[in-house]
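Here's the letter readout for the chains.
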Amino acid sequence: MSVNIVTTTTQSDADRREIAHQCSPATSRIHRGWLGLWAFLTAFTVFEVVKHGYVDGTATDALLLTAAAIGCFVVPDLTFLIGAGQPAPKGALPTRAVPWYNLMHRMWIPLLLTSFVGVALAPLTPVALAGFIGGLSWMAHIALDRAAGYGLRNPDGSRGRR
């Protein structure tokens, strides 16, 4: 006598592949790498703000550099506001906001900004230093998003590309 056990599940094959991808050792190493980069960039940003704003600079320099660091950390996610009022499925961005979100979450843009300011505008004035610190802070934002598992969005606004 044989017994056949039939199980049903509500997870699709795509859901199971996504869960397996999220839990894989390779993904975990990648996330830890992004977390390490975030920690380095955050420490570097804080060091630059304290050194050039609070130790060597004036109160105005300190305020400018602190505002640049905080502002550039927050600004990439303000792209969500571009899609305000446009309907979107739960967990997805409105399609109008996707190109702007993806543009603000690409690492090469703040990397170029930081490199250009750091090399071309040396010695740094307080405004140029604010651009340098803003670029570091922007890269820290992107690294933290990647460490948390958030990547670029698909054209329909859903999470997808990492």
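Residues numbered from 1 in each chain as written. Predicted model: local features only at pLDDT ≥ 70, side-chain atom pairs only at ≥ 80, totals over all residues. Heavy atoms only, no water.

1. Considering helix α2 (residues 25–55)
And then number 1: Taking 1.5 Å per residue as the helical rise, α2 with its 31 residues ought to reach 45 Å, and the 43 Å between its terminal C-alpha atoms agrees with that figure.
And then number 2: Those residues of α2 that fall on the buried side of the exposure criterion are Thr27, Leu41, Thr45, Glu48, Val49 and Gly53. (Helix = DSSP H or I, 4+ residues; strand = E, 2+ residues; numbered from the N terminus. Expected span 1.5 Å × (residues − 1). Buried < 20%, exposed > 50% of the residue type's maximum accessible area, 1.4 Å probe, protein only.)

2. Describing the environment of Leu144
And then number 1: Relative to the helices and strands, Leu144 is located in helix α6 (residues 126–147).
And then number 2: Relative accessible area serves as the criterion here: at 30%, Leu144 is assigned to the partly exposed category.
And then number 3: As a C-alpha pair, Leu144 and Leu35 span 109 residues in sequence and 6.2 Å in three-dimensional space.
And then number 4: In contact with Leu144, not counting residues within four places along its chain, are Trp38 and Phe73. (Contact = heavy atoms within 4.5 Å.)

3. Details of a nonpolar patch on the surface
And then number 1: A contiguous nonpolar patch, built from Ile70, Val74, Val75, Leu78 and Leu81 and spanning about 450 Å² of accessible area, is present on the exposed surface.
And then number 2: You can see Ile70 is positioned in helix α3 (residues 59–74). (Patch = residues over 30% accessible without salt bridge, like charges linked within 9 Å, V, L, I, M, F, W, Y side chains within 5 Å. Areas by Shrake-Rupley, 256 points an atom, 1.4 Å probe, with all protein chains shown as cover. Salt bridge = Lys/Arg side-chain N within 4 Å of Asp/Glu carboxyl O.)

4. What to know about the packing of α2 against α3
And then number 1: Between α2 and α3, the least distance of the axes is 7 Å, while the angle of their chain directions is 160°. Relative to α3, the element α2 lies roughly antiparallel. Handedness of the crossing formed by α2 with α3: right-handed. Touching Trp38, Thr45, Glu48, Val49, His52, Gly53 and Tyr54 of α2 are Asp61, Ala62, Leu65, Thr66, Ala69 and Phe73, all from α3. (Axes fitted to C-alpha atoms, helices over the stretch in contact; angles between N-to-C directions. Parallel < 35°, antiparallel > 145°, perpendicular 65-115°, else oblique. Left-handed = near helix turned anticlockwise from the far one by under 90°.)

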